[in-house]
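# Descriptive structure summary
So the chains spell out like this:
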Amino acid sequence: GIKAPVKSAKISVGKIDINIPLEGLIDFEKEAARTQKNIGELGAAMEKIEQKLGSASFTEHAKPELIEQEKQKLCEYLDRKRVLEERIAILTRTPV
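Quick summary incoming for the structure in this document. (Residues numbered from 1 in each chain as written. Predicted model: local features only at pLDDT ≥ 70, side-chain atom pairs only at ≥ 80, totals over all residues. Heavy atoms only, no water.)

### Concerning the overall build of the chain
Within the chain one finds three helices and two strands. The secondary structure elements of the chain, listed N-terminal to C-terminal, are β-β-α-α-α. Taken over C-alpha atoms, the radius of gyration comes to 19 Å for the chain, far larger than the 12 Å a tight globule of 96 residues would show. Counting only C-alpha atoms and orienting by the principal axes, one finds that the chain spans roughly 55 × 30 × 20 Å. Taking all 96 residues of the chain together, the buried fraction comes to 19%. Considering only residue pairs separated by 6 or more positions, the chain has 52% of its internal contacts joining residues 24 or more positions apart. Here the chain displays about 7500 Å² of accessible surface, and carbon together with sulfur accounts for 56% of that area. (Helix = DSSP H or I, 4+ residues; strand = E, 2+ residues; numbered from the N terminus. Rg over C-alpha atoms; globule rule 2.2 N^0.38 Å. Buried < 20%, exposed > 50% of the residue type's maximum accessible area, 1.4 Å probe, protein only. Contact = heavy atoms within 4.5 Å. Areas by Shrake-Rupley, 256 points an atom, 1.4 Å probe, with all protein chains shown as cover.)

Written out as structure tokens, the structure reads:
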């Protein structure tokens, strides 16, 4: 098949994939730096939640709903972090 441009956005509509070249439209270095900063912020937030969930004083005294809410937040942050890491890979990929 036809190869998509390396630095492009892909939109799928039904069975049709549309690739929009982004070269010259965005500053890949700035976007990668911004995305990396977001990854760092998510990592710090995840670490705080993990410390909280790992604390016996929190888990023994917190309502089960609050514990579940923190676990859900951790999962959401992890998913967001994965998406951002994929974005970094795309932004820093060089043409072959």
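### Quick word on the nonpolar core
Residues Phe28, Ala32, Ile39, Leu42, Met46, Ile49, Leu74, Tyr77, Leu84, Ile88 and Leu91 constitute the largest nonpolar core, which totals 11 residues. Contributing elements (two or more residues each) for this core: α1 (28–54) and α3 (64–92). The contact partners of Ile39, leaving out residues within four places of it in the chain, are Lys81, Leu84, Glu85 and Ile88. (Core = buried A, V, L, I, M, F, W, Y, C linked by side-chain atoms within 4.5 Å.)

### Let's talk about the side chain of Thr35
Relative to the elements of secondary structure, Thr35 occurs in helix α1. If sequence neighbours within four positions are ignored, Thr35 has contacts with Leu84, Arg87, Ile88 and Leu91.

### Some thoughts on the pairing of strand β1 (residues 8–13)
Bridge count for β1 against strand β2 (residues 16–21) is six bridges, and the pairing is antiparallel. When the sheet's bridge partners are listed, Ala9 is paired in β2 with Ile20. Between β1 and β2, which pair antiparallel and follow one another directly, the connecting turn spans two residues, one of which, Gly14, has a positive phi of 60°. (Pairing = 2+ DSSP bridges.)

### As for the pattern of salt bridges
On inspection of all chains with the given rule, the structure shows six salt bridges. Between Glu70 and Lys73 there is a salt bridge whose closest N-O contact spans 3.4 Å. Highlighted residues: Glu70 and Lys73, both in helix α3, separated by three residues, approximately one helical turn. With its nearest N and O atoms 3.4 Å apart, the salt bridge here joins Asp79 to Arg82. With Asp79 and Arg82 both in helix α3 and three residues apart, this pair spans about one turn of that helix. (Salt bridge = Lys/Arg side-chain N within 4 Å of Asp/Glu carboxyl O.)

### Thoughts on α3
Between its first and last C-alpha atoms α3 spans 42 Å; for 29 residues at 1.5 Å apiece the expected length is 42 Å, and the two agree. Taken as a whole, α3 has its buried residues at Ile67, Glu70, Leu74, Tyr77, Leu84, Ile88 and Leu91. Tucked inside the fold, the buried residues of α3 contact α1 and α2 (56–61). (Expected span 1.5 Å × (residues − 1).)

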